[in-house]
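One-letter residues, chain by chain:
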Amino acid sequence: MLLTVRFSSSFIGNGNNYRRNVSLELNPGLNSLLTPLPPGVGLLHVRALGKNNTLHYLLCSQGAPALLLVHTSSISSKVEVDWPAFLMQNTTGSLKVTPESSVLYSNALVFTRLWEYDDVNDTADPEHLPPSSFFQPYELQNFTWGDLNKTLDPTGHTALLCGRDASESFSNGLLCLKFSAFDFEGRDQGWPSLLHNANSSQLRMGLDVVAPRSNRSRFSLELQAVGDSQPMSRVDMLRSIDDEYTPSIFKVSQWVSSPVNSTSPVLGYAQWKPVAYRRPSPVFEDATPCRHSTPVPVAQLPPSGLVRAYFGGEHQTTGLNMTFSITGDPFYNTTWTVLVGLGSPPVDLFSPLVLVIMVVGLGTPMLIILLGGVCACVRKNRPQTQVYEPIQAKPGYVSRL
Amino acid sequence: MAEERQKLLDEEGGISSSDPRNESGPVKPMSALCDPRQLLHRIFVLLFMCFLGFGSYFCYDNPAALQTQVIQISETKQCVVFGVLSALTRNWLIRTSIGHEAQHIHVHAALCLVLLAQRGALFPGGLPARQGLWNQVIVAVGALLDLFWLMEIGRFVFGIGGESLAVAQNTYAVNWFKGKELNLVFGLQLSMARLGSTVNMNIMGSVYNRVADLVGLTGHTTLGVSLMIAGATCIFSLVCALVLGYLDKRAERILNKEQGGTGEVIKLTDVKDFPFPLWLIFIICVGYYVAIFPFIGLGQVFFIEKFNFSPAEARAINSIVYIISAPASPVLGFMVDRIGKNVIWVLCAVVTTLIAHMMLAFTFWNPWIAMSLLGLSYSLLACALWPMVAFVVPEHQLGTAYGFMQSIQNLGLALISMAAGSILDNKGYLFLEVFFSACVCLALIAVVMLYFVDCLRGGDLNLSASARAKLLKCSNSDSE
C-alpha cells in the first residue's frame with residue numbers, strides 16, 4: 001500500500017517571480033570521525049538564498065521526521081550544530097541559525113504518528129469512533145530511516161527519506177517522505193500539481209505496502225506544528241472554481257499561522273488539496289478525499305530531535321489528524337496506493353489556454369454581429385436603384401393623343 | 001348555359017379539392033375525427049406520433065439507466081461502455097440512406113424497418129430463448145453464451161431502427177403539419193422523447209431490483225429480463241406505428257395527395273446542393289447538442305464535488321433538464337408557432353445556454369438556476385430549429401435533409417462524448433465546461449451568421465407567423 005502525502009510550508013508576501021539560489025548540504029559541520037552518526041539519522045540543510053534574505057530548510061530524521069523552516073534577513077546566515085549535544089537529544093540550542101538576531105520567522109512541521117483504525121461501519125470518520133477501534137499507532141519516532149546521502153539529488157533539489165517500523169506490518173512496507181526545494185515558480189507534473197514558488201518547499205509522503213491489521217483498516221496521519229511566535233493554529237478551506245490541475249477537486253486547505261486578527265498577513269502556512277490518490281501514477285478514479293481535524297493545542301513538544309534542539313522550552317504546539325478515504329471506498333489492501341496532496345499557497349490562476357478559448361469564443365460572435373450590423377446598415381442606406389424610369393416628358397417627345 | 005356553368009363549377013370543385021380547407025370535397029360526409037383535413041383528426045394522428053417516439057426513446061437510454069449493472073456484467077470500464085454504446089447507435093451512414101428513402105411512399109418502408117428493428121430492440125441482451133422473429137436466433141445464441149458483443153449488435157440494430165424512426169417521424173410531422181402547428185408538434189415530440197428517457201432513468205433501477213428479487217440472483221439473466229420488460233414499450237410503439245401507417249395511407253387516398261410525385265428525382269448527392277443556411281443549421285444543431293447531452297452524462301460528479309451536493313440531489317439536478325423540457329416544449333412550440341421569427345428564438349436559446357454553462361463554470365451560484373435555464377433553452381431550440389429545415393429545403397429533399405442532420409448530430413455526439421470523457425480525466429471540470437462553452441459559441445457564431453445571411457439575401461427564415469401565413473396563402477393561390 002502506498003500512501004503519499006505532499007506537504008509544503010512556506011512564506012507569502014514576496015511575489016511569484018522571485019528567484020532563489022538553492023543549495024543542499026547534508027549534516028552541516030559534522031566531523032564523522034569525532035562524532036559518528038547513529039544509523040538512520042541525518043540532517044539535511046537546504047539554503048535558499050534570496051536578494052536580501054535567506055530561507056533555511058532543515059529536514060531531520062532523528063526522532064519523528066520534521067521539517068524546520070527559518071527565515072532570516074541576512075544573506076550570510078548559517079546553521080550551527082553542536083553535534084554531540086544534538087545527538088544526545090536533550091539540549092536546547094544545539095542547533096542554531098546565526099546571527100540569531102536576523103531570524104524573522106521559524107516554523108516546524110512534524111510527522112508524529114500513523115494511526116490505524118478498524119472502520120467497522122465503513123464511515124471513514126475516526127473522530128466518532130470509540131477508542132477501542134484504534135490499533136496501537138505507529139510512532140514515527142521509532143522508525144528506522146534510510147540514509148539521506150544515498151537519496152540526495154543536488155541538481156533537482158530533492159531528497160527522499162524512507163523508513164519502516166520494526167513491527168510485522170512494515171516487513172515489506174515503507175513510509176517515504178520526498179522533500180523538494182524550489183528556486184522558482186512552477187508546478188509539479190503529478191497530481192495534485194500544486195503551484196509552488198521560490199518561497200515554498202514540498203513534502204510528498206508515501207505509504208507503501210503496509211499490511212493492515214484488520215479487514216477494514218483505514219489510516220490517519222498525525223501532524224504537529226511548532227512556531228516561535230505564532231504556531232499554525234487554524235485551517236482555512238478555500239473554494240476555487242478551477243480544478244484544471246487536480247480534476248474534480250475544487251477546494252484548497254491551508255493551515256496557517258497568523259495573529260488572531262484575521263486581517264493581518266499570514267506568516268507561514270502548510271497547504272494541501274483535500275485529495276489522496278491510491279496509486280503513484282493515478283488516473284481519475286484513483287482519487288479519494290482526505291479530511292483534517294481541527295487543530296488543537298498539544299501540551300508538549302513533538303518527539304523530534306530537531307524541534308527539541310532548535311526550539312526547546314516553552315513553545316506552542318498544535319496538532320491535527322489527516323484522515324483518508326470515504327464511505328464506500330475500497331479498504332486498504334496490499335495492492336492499493338493513496339496519494340494525498342498538500343501544497344503551496346500561491347493562488348491558482350486559469351491557464352492561458354482557458355483564457356484564449358473564452359476570448360476567441362465570445363469575441364468572434366461579437367465581431368460578426370458588428371460586421372453584419374454594419375453591412376445591413378450600409379445596404380439600407382444605399383440609394384435604391386429604380387427599376388422603372390419615372391414617367392416624365394423627355395425633351396423631343398411629343399405626346400400623341 | 002346553366003349546365004355548362006354547373007359543369008365548370010364541378011370541375012372547379014374537383015381541381016381545388018386538394019386544398020385542405022375546401023368544403024366541397026367527396027360526397028360522403030365524415031366526422032371531424034375521421035376527416036384528414038380537420039384539426040381533430042390531426043390531433044388524433046399527433047397522439048400516435050408522440051407515443052411512437054416514446055417507446056423508442058424509452059429503450060434508447062436503457063444502458064445509461066442500468067449502467068452499473070451493465071458494467072458489472074461486461075467488466076469493461078465506464079468510458080468504454082459509454083463510448084461504445086453511444087457510438088454504435090450512431091450509425092450515420094445508414095441513417096442518411098434511410099433519410100433519403102423516407103420520401104413519398106418510402107415513409108412506409110421506413111416504418112416497416114422500424115417495426116423489424118423494434119423487435120430487435122426488445123431483446124438487446126442475453127435472455128432465455130423464445131420463439132419469434134429472425135433476431136431471436138441471435139438472442140438465443142447470446143443467451144447461451146452471455147456475450148457483451150451480442151448486446152452491442154442488438155444496440156446496432158436498435159440504432160438502425162430507432163434513428164430511422166426519428167427521421168421518418170420528422171418528415172411525417174412536416175407532411176401533416178407544415179404551415180400549421182409545426183413548431184408545437186416538434187415540441188411535443190421532444191417532450192415525449194424526454195419523458196420516455198426520464199421515466200426510463202427513474203424506474204429501470206427499481207425494475208432491475210424487483211426482477212433480481214424474483215429471479216434470485218443478479219447477473220445477465222436479471223439484466224436480460226429487465227431489458228425485456230423495457231422492450232414491452234417497443235411493442236406499444238409498434239402498435240402506434242401500424243396505426244399511423246394505416247392513417248397515413250387513408251389520408252393519402254382521401255385527399256389524393258401526391259407526396260413528392262412531382263417527377264423530381266431524389267438522389268443522395270442532393271446533399272451537395274443543400275443551401276448555405278441549411279449547413280449553418282447543421283452547425284447549430286451539432287454545436288448545441290454536444291454541449292447538452294455529454295454534459296448531462298458527466299454532470300453528476302460535478303455537482304457532488306463542486307457544489308457539495310449529495311448523490312441523490314446531484315441526480316435530481318441532472319434530470320431537471322429533461323423534466324423541464326417535457327412540459328415546456330409544447331408551450332414554447334406553441335409560442336413560436338404564434339409569433340414566428342424562428343432565428344431570433346434560436347439565438348435566444350443559444351445565448352441562454354452559453355450563459356448557463358458559464359454560470360456553472362465560473363461561479364458558485366446556485367446550480368438549479370443554471371440547469372433550469374438549460375432545460376428551457378434546450379426546449380426552445382428544439383421547437384425553433386428543427387422546423388426551420390422545412391423552410392429552407394424543397395419538399396422532395398426534406399427526408400434527406402433531416403436524415404443528414406440526425407447523422408451528423410449523432411456523429412458529433414459520439415465523438416464529443418469520448419472527447420469529453422478524456423478531457424475530464426485529464427483536465428478536470430472547469431476545462432470541460434469551457435470546452436462545452438466553446439461548442440455553444442460555435443453554435444452562436446452559426447446563428448448570427450444565419451441571421452445575417454438570411455437578412456441580406458432577403459430570405460424568409462425569420463418571418464413572423466402572420467407574414468409567413470400570408471406568404472403561404474400567396475404561394476397556394478399562385479399554384480392554383
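Position labels on residues start from 1 in each chain and follow its written sequence. By the order in which they are written, chains take letters starting at A while ligands take numbers starting at 1. Under the rules for a predicted model, residues below a pLDDT of 70 receive no local features and side-chain atom pairs below 80 are neither given nor counted, while totals for whole chains, interfaces and linings still include all residues. Hydrogens and water molecules were not included; the side-chain quantities draw on all heavy atoms of the structure.

Novice: Looking at this structure, how should I read the overall build of chain A?
Specialist: A tally of regular secondary structure across chain A gives four helices and 25 strands. Think of it in three bands: with a 1.4 Å probe and only protein chains considered, a residue is buried below 20% of the maximum accessible area for its type, exposed above 50%, and partly exposed in between. Residue burial in chain A is summarised as follows: out of 401 residues, 52% are buried. Residue exposure ignores everything except the shown protein chains as possible cover, and the areas themselves are Shrake-Rupley values with a 1.4 Å probe. On chain A, roughly 18,800 Å² of surface is accessible, and the fraction owed to carbon and sulfur atoms is 57%. Secondary structure elements are defined from DSSP: runs of H or I of at least 4 residues count as helices, runs of E of at least 2 residues count as strands, and each element is numbered from the N terminus.

Novice: What is the right way to read the packing of aromatic side chains from this model?
Specialist: Both the distance between ring centres and the angle between the ring planes are used here to describe each pair of aromatic rings. Aromatic pairing here means that ring centres of Phe, Tyr or Trp (its six-membered ring) are within 6.5 Å. Orientation follows from the plane angle: under 30 degrees is stacked, over 60 is edge-to-face, and everything else is tilted. Per the counting criterion, the structure on display carries 34 aromatic pairs over all chains. For the ring pair B:F274 and B:F282, a centre distance of 6.0 Å and an interplane angle of 75° mean the geometry is edge-to-face. The two residues B:F274 and B:F282 agree in class, both being buried. When the centroid spacing of 5.4 Å and the interplanar angle of 85° are considered together, the rings of B:W279 and B:F282 count as edge-to-face. Taken as a pair, B:W279 and B:F282 lie in helix α12 (residues 276-289) at a separation of three residues, close to a single helical turn. Its relative accessible area of 32% is what places B:W279 among the partly exposed residues. Accessibility expressed as a relative area gives 1% for B:F282, which makes it buried. One aromatic cluster is present, built from ring pairs that chain together A:F250, B:F295, B:F302, B:F303, B:F307, B:F309, B:F364, B:Y429, B:F435 and B:F436. Both a distance and an angle decide whether a charge sits over a ring: NZ of Lys or CZ of Arg must be within 6 Å of the ring centre and within 35 degrees of the ring normal. For the cation-ring pair, A:R19 lies above A:F184, with the distance from its terminal atom to the ring centre recorded as 4.3 Å.

Novice: I would appreciate a short explanation of the environment of A:R187 in the present structure.
Specialist: Residues and elements named next belong to chain A. Turning to its location among the elements, R187 is positioned in strand β14 (residues 186-187). What makes R187 partly exposed here is its relative accessible area of 22%. Excluding anything up to four places from it in sequence, R187 contacts S193, L194, L195, H196, Y245 and D348. Distance and chemistry together define a polar contact, namely a pair of N or O atoms within 3.5 Å, with one atom able to donate a hydrogen and the other to accept it when in protein, and with adjacent residues in sequence counting only for side-chain atoms on both sides. Within polar-contact distance, the side chain of R187 engages the backbone oxygen of S193 at 2.9 Å. Note on contacts: a residue pair is in contact if any heavy atoms of the two residues lie within 4.5 Å.

Novice: Teacher, can you tell me more about the packing of helix α4 (residues 352-381) of chain A against helix α17 (residues 398-457) of chain B here?
Specialist: How two helices pack is summed up by the angle between their axes together with the distance between the axes. Under this scheme, a helix contributes an axis fitted over its contacting stretch, all axes are lines through C-alpha atoms, and angles between N-to-C directions fall in the 0 to 180 degree range. Following both chains from N to C, one finds α4(A) and α17(B) inclined at 10°, their axes separated by 9 Å at the closest point. Classed by the angle they form, the pair α4(A) and α17(B) counts as roughly parallel. Note on residue categories: nonpolar means Ala, Val, Leu, Ile, Met, Phe, Trp, Tyr, Cys or Pro, charged means Asp, Glu, Lys or Arg, and polar means any other residue, Gly included. Within the contact of α4(A) with α17(B), the residues separate by chemical class into 20 nonpolar, four polar and one charged. When an angle is under 35 degrees it counts as roughly parallel; over 145 it counts as roughly antiparallel; between 65 and 115 it counts as roughly perpendicular; any other value is oblique.

Novice: Help me out: how do you make sense of the pairing of strand β6 (residues 66-72) of chain A in this one?
Specialist: On a regular strand, one side chain projects to one face of the sheet and the next to the other, so that they alternate. All names here are of chain A. Burial analysis of β6 places seven of its seven residues in the buried class, the great majority of the element. The alternating pattern of β6 places A66, L68, V70 and T72 on one face and L67, L69 and H71 on the opposite face, and all of these are buried. Between any two strands, at least two bridges found by DSSP are needed for them to pair. Direction of pairing for strand β5 (residues 54-60) relative to β6: antiparallel, over a ladder of seven bridges. Bridging across to β6, L58 finds its partner in L68. Joining the antiparallel neighbours β5 and β6 is a turn of five residues, in which G63 adopts a positive phi near 75°. Strand direction decides the pairing type here: β6 and strand β9 (residues 103-118), joined by seven bridges, are antiparallel. Residue pairing in the sheet places V70 in a bridge with S106 of β9.

Novice: Would you take a moment to explain unusual backbone geometry for this structure?
Specialist: In this structure, A:P99 follows A:T98 across a cis peptide bond, with omega equal to -5°. In this structure, A:N27 takes a positive phi of about 50° despite not being glycine. Locating A:N27 in the fold gives a position in the loop between β3 (21-26) and β4 (43-49). Residues other than glycine seldom take positive phi values, yet B:N308 does so here, at roughly 60°. Under the relative-accessibility criterion, B:N308 is labelled partly exposed at 46%.

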